[in-house]
Amino acid sequence: MVLYSALLSNSMYLFKALISSEWKDIADVLLAHPEVDDFIIAAFTAVCVNVNLLRATLTTQRINNCLFHLCESSLQFLLSLCKQLLFRERLVENKELCGGGVVFRLVENTLKLSQYDDPKLSSVVNRLKSKVLSIVLLLCQAECSSFMDMASTQSKGLAESAVSEVLEVLKMMCFGDLKGHHPRGLLLLNAMKLTEIFCGASRFRTFMVLNLKEVLTRVFLQPQREFISTWCTYDHEPAEEEIVVDFNPTSAAGLVLGLISSFNVQHSTWSNFQAPRTPYRVQRSSLLIKIVANLACYDPDLSEDENACFIDEFLECLQAEFSNLPSGAAERRAAASKNLCMYFDFNTSFDR
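Criteria and cut-off values
- Counting from 1, residues in each chain are numbered in the order their sequence is written.
- Under the rules for a predicted model, residues below a pLDDT of 70 receive no local features and side-chain atom pairs below 80 are neither given nor counted, while totals for whole chains, interfaces and linings still include all residues.
- Computation of side-chain values: all heavy atoms of the structure, hydrogens and water removed.
- A fitted line through C-alpha atoms serves as each axis, taken over the contacting stretch for helices, and the angle formed by two N-to-C directions is quoted from 0 to 180°.
- Secondary structure follows DSSP: runs of H or I at least 4 residues long count as helices, runs of E at least 2 residues long count as strands, and numbering of each begins at the N terminus.
- Should an angle lie under 35 degrees it is considered roughly parallel, over 145 roughly antiparallel, and from 65 to 115 roughly perpendicular; all remaining angles are considered oblique.
- Contacts: residue pairs with any heavy atoms within 4.5 Å of one another.
- In the scheme used here, Gly and all other residues not listed as nonpolar or charged are polar, with Ala, Val, Leu, Ile, Met, Phe, Trp, Tyr, Cys and Pro taken as nonpolar and Asp, Glu, Lys and Arg as charged.
- Burial here depends on accessible area, computed with a 1.4 Å probe over protein chains only, as a share of the maximum for the residue type. Under 20% is buried, over 50% is exposed, and the range in between is partly exposed.
- The term salt bridge refers to a pairing of a side-chain nitrogen on Lys or Arg with a carboxyl oxygen on Asp or Glu at a separation within 4 Å.

Chemist: Which residues make up the packing of helix H2 (residues 23-32) against helix H4 (residues 61-82), and what values go with them?
Modeler: Two numbers describe how H2 lies on H4: the axes approach to 9 Å, and their chain directions differ by 85°. When the axis of H2 is compared with that of H4, the two are roughly perpendicular. Of H4, the residues touching H2 (which contributes Trp23, Ile26, Ala27 and Leu30) are Phe77, Ser80 and Leu81. Of the residues belonging to the contact of H2 with H4, the class tally is six nonpolar, one polar and no charged.

Shown next as structure tokens:
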């Protein structure tokens, strides 16, 4: 496990040592090679195997931290290449990678990584999840639309399994107890962005409705004060910055193999991109309304029953929640109605 992670990370970062420190130059060299498609599949598959190793029984804290950082550096390598337009377009045309489900296996396995009590290890896990969602977002937003087409046909089952894990992240971030051990917002924002995209895809509409209705019901049934503070508050705090690994895999491998005695990641190997100007809570609130809009809007490619599915299921879920309340159902119903009205007023105020 240790040797595999170290070899994978070091092999990937040889490209920076031998070709260039610029990712665009590395992407251009790879694209010029006749076997670039085989390399892409092998790289994604290898990182997926690495993620699966992290789910196995772990050892000492020192080794654990290095293994997770090695895996993050490998995943960051893929993310950096995906940010290059031409490389990304070539990637989404790879039918075995996208249509065969390699990407979605990587997403599903990464999102299944457990949370840890150790704050540092927990932060790395959340960064891994955020980065793998960033990769899928880049593929979904590629100029070539083949990724979503292949996701909805050739690998629909794997895509739905991966999206189910994304929705579990939404539930955990919205309603779970994550105090102190998670980055502020980036993982949730990436999960919401991907949810929005799949809610807008005709072939995933019914699946998304059935799996999101309870989450949305819980959101709008929150007590009014809690709902306002969460979804209808404007603040000037920026979203979490994207952390980019500037990792030395050779030093990490030396620590894992006992060749060096210490390795400090925090002080020397992380750099931050400038955070987006839109405040975090505004982004989160805006994404929620886009999710609702995509589920509720009319789609000519769907039948009348499919177009009405979200409203019918959402109202049914609300009614079921009301019937389960021992008392105060009328008050909660009125509160839910006010929450919806205030929420839409809050979001439309940005367009005025």
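Chemist: Give a detailed account of the environment of Val49, specifying residues and quantitative values.
Modeler: Here Val49 is to be found in helix H3 (residues 36-54). A residue is classified by how much of its surface remains accessible, and Val49, at 34% relative accessible area, is partly exposed. Between the C-alpha atoms of Val49 and Cys71, which are 22 residues apart in sequence, the distance is 10.0 Å.

Chemist: So what's going on with the pattern of salt bridges? Residues and values would help.
Modeler: Inspection of every chain in the model, using the stated rule, returns seven salt bridges. We note a salt bridge from Lys24 to Asp28, for which the minimum N-O separation is 3.1 Å. Of this pair, Lys24 and Asp28 both sit in helix H2, four residues apart, roughly one helical turn. Note that Lys213 is salt-bridged to Glu313, the shortest N-O span being 2.8 Å. In this pair, Lys213 sits in helix H12 (residues 205-220) while Glu313 sits in helix H17 (residues 309-324), placing the two residues 100 residues apart along the sequence. We classify Lys213 as buried; its relative accessible area is 18%. Residue classification places Glu313 among the buried positions, given a relative accessible area of 18%. One network of salt bridges, with partners in common, ties together Glu72, Arg127 and Lys131.

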